[in-house]
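Structure at a glance
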Amino acid sequence: QFVATLVRRKPRCVLGLATGSTPLGLYAELVRMHREEGLDFSRVVTFNLDEYVGLSGSHPQSYRHFMQQNLFDHINIDPRDTHVPDGRALDFESYCEQYERMIAEEGGIDMQLLGIGGDGHIAFNEPGSSLGSRTRLKTLTEETVRDNARFFGSEKDVPRLAITMGVGTILESRQCLLLAAGASKARAIRDTIEGPITAQITASALQLHRDVIAILDQEAARL
Ligand code: GLP
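Turning next to the overall build of the protein. Looking only at helices and strands, one finds seven helices and nine strands in the protein. A compact globule built from 223 residues would reach a C-alpha radius of gyration of about 17 Å, and the protein, at 16 Å, matches this within 12%. Seen through its C-alpha atoms, the protein measures out along the principal axes to roughly 40 × 40 × 35 Å. Taken over 223 residues, the protein has a buried fraction of 53%. A fraction of 76% describes how many contacts in the protein between residues 6 or more apart in sequence connect residues 24 or more apart. Only carbon and sulfur atoms are counted for the fraction: they give 50% of the accessible area of the protein, which is about 10200 Å².

What follows covers the pattern of salt bridges. Pairs can form between side chains of opposite charge whenever their charged atoms are close. In total, this model carries 14 salt bridges according to the counting rule given. Note that Glu 100 and Arg 134 form a salt bridge whose closest N and O atoms lie 2.7 Å from each other. Remark: Arg 134 occurs in the loop between β5 (111-114) and β6 (136-139) and Glu 100 occurs in helix α4 (residues 92-105); sequence separation between them is 34 residues. Given the relative accessible area of 17%, Glu 100 is considered buried. On the basis of relative accessibility, which here comes to 31%, the residue Arg 134 falls in the partly exposed class. The salt bridge partner of Asp 191 is Arg 190, with a shortest N-O separation of 3.1 Å. A relative accessible area of 34% means that Arg 190 is categorised as partly exposed.

Cut-offs and rules
- Residues numbered from 1 in each chain as written.
- Predicted model: local features only at pLDDT ≥ 70, side-chain atom pairs only at ≥ 80, totals over all residues.
- Heavy atoms only, no water.
- Helix = DSSP H or I, 4+ residues; strand = E, 2+ residues; numbered from the N terminus.
- Rg over C-alpha atoms; globule rule 2.2 N^0.38 Å.
- Buried < 20%, exposed > 50% of the residue type's maximum accessible area, 1.4 Å probe, protein only.
- Contact = heavy atoms within 4.5 Å.
- Areas by Shrake-Rupley, 256 points an atom, 1.4 Å probe, with all protein chains shown as cover.
- Salt bridge = Lys/Arg side-chain N within 4 Å of Asp/Glu carboxyl O.

Okay, here's the thing in C-alpha cells:
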C-alpha cells in the first residue's frame, strides 16, 4: 500500500528496489495490483541497490534476472527506466560514479525498499562500511556468502564481490521501507532499531534518517 500510494500520487516516482527473499511478497502484490487494479508503472523509474560482480544480467542468480522474473516482466514499466548495477562493468570506479549521477538526474530516490542481512547490512554494505559511503565495490563477508549460498549451487559459486549503493546513498532517499521477517533477523533488527549507530551494523545508520518505516513480523521483532 505504501508503494502503490506513492506510484498513484507521483506517476514518475523513483523507487529504490531490493532483492532477496524478503521483498518477494511485496513484488507479487505489486504485480497483482497492476493486473487487477490497473496500478500503472509506465512512468516509474527504479534503481536497485546492488548486484554481484562478474554476473551478467542473464545469469539466473543475478539481481537483474531476479528483478525481471519477480517484477519487471509482469508490470508495464519501461525497461529503459529500470536500473540494476552492471556486475560486468569494465571500469567500476567510473561506473559507480555514473550510477550515482543517474539517480541524481532523476531527482533522487523517493522510496527505498530495504531488506536486512543477518549481520545487519543493508544492500551489500557489510560491517565496517563507512556510514558516508557511496556506490562502490564491496567484498562480501563469509556470513553473507554462507547465507546466500542457498541460491547458488554451493558456497564456492557465490561471487565474493558486489557493487552496491553506499550507506550515504541510501540515507539520501526521501523515505525508507525496511522489511524483515523471521527469527534469523531478530538480532540485526534489535541492533538496528535500539542499538548504537555503528558501521558494524550498517542498518543502524537508518536511525539518522528522518523517515523510515520498518515492517517486521513477530519473529523479527522478538528482541
Ligand atoms: C542480500 C542483499 C540484501 C538483502 C539480504 C537479505 O545480502 N544484498 O539487500 O537485504 O540479502 O536477504 P533475504 O531477504 O533473502 O534474507
